[in-house]
Amino acid sequence: METPPWRDRIRTEDELLEQLEAQVEAARRRRAAALKEGAGELGSVYALAKELDLSWTAVAHAIKKYTTE
């Protein structure tokens, strides 16, 4: 089997990267929504961060950046 020309391979890989970036963005938004729900359930971003063993600033940043209200 012959390898496709390099231009075609680059185009194919660029398309794949675009699809993966879109999936990552969607996953970040879903994760942020779950973090926001968890913070509401536990009473604060700090309590959620402690529960997940994450920094509260990272949790707060994710919620702020990827959720809208």
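To be clear, the structure that these remarks concern was listed above.
Read on for an overview of the structure. (Residues numbered from 1 in each chain as written. Predicted model: local features only at pLDDT ≥ 70, side-chain atom pairs only at ≥ 80, totals over all residues. Heavy atoms only, no water.)

**Quick notes on the pattern of salt bridges**
Part 1 of the reasoning: Tallied over the entire structure, the rule returns two salt bridges.
Part 2 of the reasoning: In this structure, Asp8 engages Arg11 in a salt bridge whose closest nitrogen and oxygen atoms are separated by 2.9 Å. Taken together, the positions of Asp8 and Arg11, both in helix H1 (residues 6–42) and three residues apart, correspond to about one turn of that helix.
Part 3 of the reasoning: When the shortest N-O distance is used, the salt bridge between Arg29 and Glu25 registers 3.1 Å. Residue Arg29 and its partner Glu25 are located together in helix H1, separated by four residues, close to a single helical turn.
Part 4 of the reasoning: Overall, Arg29 belongs to the partly exposed group, its relative accessible area being 40%. (Salt bridge = Lys/Arg side-chain N within 4 Å of Asp/Glu carboxyl O. Helix = DSSP H or I, 4+ residues; strand = E, 2+ residues; numbered from the N terminus. Buried < 20%, exposed > 50% of the residue type's maximum accessible area, 1.4 Å probe, protein only.)

Function-wise, these values are silent; they only describe arrangement.
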